[in-house]
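# Fold and contact review
Below are the chains, spelled out letter by letter.
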Amino acid sequence: MNRRDLPRYDLTLLRGDTFVSEQFWFPEDVGPDWQLWQIEEGVGNLSCDLLDWRQFEIKAQVISDGKPWFTLSDYLQYSELGRFFWFALSAEETRNLSPSVGVYDLQICKDGYVQTLMYGTVKLLPDITDTPC
């Protein structure tokens, strides 16, 4: 599989602000020609299955200027049944990172193989107003 064929999700964070990404899910039993509405309908009526992401080791390292910046997968959250995952960083956690731009890919180990599911950029913008909560 070519990286161009993978889903790309770019993340923009403000330093000192809480960040919660959108929820991600990857259905297991869908064909390559399915449209998004078909997938959503299939999940809704249980005609296609979703994976429980808690059963996999998920890693996502962010690289900036050719060096490790931070591990994005340290901030993974899962829904109650493990069907969805997302990234969540508190204001304190974003405050502890230096503003920069980096790239990441998210990989899982499944059936003894490493599989890249998605990739993108991470931008951490400086915060102008520092409001402690």
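Residue indices begin from 1 for each chain and proceed along its sequence in written order. The predicted origin of the model limits local features to residues at a pLDDT of at least 70 and limits the giving and counting of side-chain atom pairs to 80 or more, whereas totals for whole chains, interfaces and linings rest on all residues. Hydrogen atoms and water are omitted, and side-chain values are computed over all heavy atoms in the structure.

### Some points on the side chain of Thr94
The test is simple: The secondary structure listing takes helices from DSSP runs of H or I that are at least 4 residues long and strands from runs of E that are at least 2 residues long, numbered from the N terminus. In protein, a polar contact requires one atom able to donate a hydrogen and another able to accept it; more generally it is a pair of N or O atoms within 3.5 Å, and residues adjacent in sequence count only if both atoms are side-chain atoms.
You can see Thr94 is positioned in helix H2 (residues 91–95). Here Asp17 takes part through its backbone oxygen, which lies 2.9 Å from a polar atom of the side chain of Thr94.

### Observations concerning the sheet that holds strand S5 (residues 76–78)
Convention followed: Pairs of strands are assigned from DSSP output, requiring at least two bridges between the strands.
Spatially, 3 strands are ordered S2-S6-S5 in an open sheet, and the strand pairing comes out antiparallel. Looking along the sheet, the strands with just one partner apiece sit at the ends: strand S2 (19–20) and S5. Bridge analysis of S5 against strand S6 (residues 85–89) gives 3 bridges, and the strand direction is antiparallel. Its bridge partner being in S6, Tyr78 is matched across the sheet by Phe85.

### Remarks on the side chain of Ser21
The cut-off we apply is this: We call two residues in contact whenever any of their non-hydrogen atoms come within 4.5 Å of each other.
Positionally, Ser21 belongs in the loop between S2 and helix H1 (36–44). If sequence neighbours within four positions are ignored, Ser21 has contacts with Leu11, Trp86 and Phe87.

### Some points on the nonpolar core
The test is simple: Side-chain atoms within 4.5 Å are what join buried Ala, Val, Leu, Ile, Met, Phe, Trp, Tyr and Cys residues into a set we call a nonpolar core. Burial here depends on accessible area, computed with a 1.4 Å probe over protein chains only, as a share of the maximum for the residue type. Under 20% is buried, over 50% is exposed, and the range in between is partly exposed.
Residues Leu72, Phe87 and Val122 are the most contacted members of the largest nonpolar core, which totals 26 residues. Counting only elements with at least two residues in this core, the list comes to strand S1 (11–14), strand S3 (57–64), strand S4 (67–71), S6, strand S7 (100–110) and strand S8 (113–125). Looking at which element gives the most residues to this core, the answer is S8, with 4 residues. Each residue touching Phe87, except ones within four places of it in the same chain, is listed here: Leu11, Phe19, Val20, Ser21, Phe24, Leu72, Tyr75, Leu76, Leu106 and Met118.

### Considerations on the sheet that holds S4
The condition that has to hold: Each axis is a line fitted through C-alpha atoms, taken for helices only over the stretch in contact, and angles between the N-to-C directions span 0 to 180 degrees.
What the 5 strands build is an open sheet, ordered S1-S8-S7-S3-S4; its pairing is mixed. Of all strands in the sheet, those bounded by a partner on one side alone are S1 and S4. For this sheet, the mean inter-axis angle between neighbouring strands, taken without regard to orientation, is 30°. With 4 bridges connecting them, S1 and S8 associate as parallel partners. Bridge pairing in S8 places Thr12 opposite Lys123.

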